[in-house]
Amino acid sequence: SAVASTLGNTKEEVDDLLEKYAFRNTGWFANDDHEKLGMSPTRRGDSLEFKFKDTQRPVQSITMFYMKSHGQKWEGSELLVRVLSNDVLLVEDVLEGIHEKNTSEIYTYNRKLKTTSGASSVKLELIGGNTFKVMGLALCKQQQQQQQQATT
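About the thresholds
- Residues numbered from 1 in each chain as written.
- Predicted model: local features only at pLDDT ≥ 70, side-chain atom pairs only at ≥ 80, totals over all residues.
- Heavy atoms only, no water.
- Helix = DSSP H or I, 4+ residues; strand = E, 2+ residues; numbered from the N terminus.
- Buried < 20%, exposed > 50% of the residue type's maximum accessible area, 1.4 Å probe, protein only.
- Pairing = 2+ DSSP bridges.

Q: What is the right way to look at the environment of Val134 in this model?
A: If you trace the backbone, Val134 turns up in strand β11 (residues 133-141). The exposure class of Val134 is buried, given its relative accessible area of 0%. Separated by 66 residues in sequence, Val134 and Lys68 have C-alpha atoms that sit 9.6 Å apart.

Right, dumping it as structure tokens:
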């Protein structure tokens, strides 16, 4: 089964989702510049962290939609993605927010986790440049198979 959240249709709805679901939010806000709604950090070093407590249905994959753009504003734009399971680092990736095209486009980041315990937290941190934009986040859970042993 999957757990997913659309960001909403307005900046207010995105801010409400950030307030409701973010475990820790340092500087991230709803951003709809150029009529492209998403979440952005205010400055380098800002982070956004989500924690998951449902150990019966652990998060097994993460999909994020993010924007790449062009120009001076996007130079050096890098987002650090960290996925942890009970303080053990499972994934550490760096996503670039700039590309060579003269357009702003949505890209997809997808990671399947190679653990049965699943993710306990996801942390996003702006480590390069001055901006980044996350357009959506989906966390997919799989029910753990319960094994039954026959007794004789």
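Q: Looking at this structure, how should I read the pairing of strand β5 (residues 47-51)?
A: Put simply, side chains in a regular strand alternate between the two faces of the sheet. With four of its five residues buried, β5 lies for the most part within the structure. For strand β2 (residues 24-26) and β5, the ladder comprises three bridges, and the chain directions are antiparallel. Among the inter-strand pairings, Arg24 is bridged to a residue of β5, identified as Glu49. Pairing of β5 with strand β10 (residues 121-128) involves five bridges; the strand directions are antiparallel. Paired with Glu49 across the bridge in β10 is Lys123.

Q: How do you make sense of unusual backbone geometry when you look at a structure like this?
A: Across residues other than glycine, the phi torsion is negative in most instances, and most of the peptide bonds are trans. Positioned with a positive phi, His34 is a non-glycine residue whose angle comes to about 55°. For His34, the location among the structural elements is in the loop between β3 (28-31) and β4 (38-41). Residue Asn86 is not a glycine yet carries a positive backbone phi of 50°. Looking at the secondary structure, you find Asn86 in the loop between β7 (78-85) and β8 (88-96).

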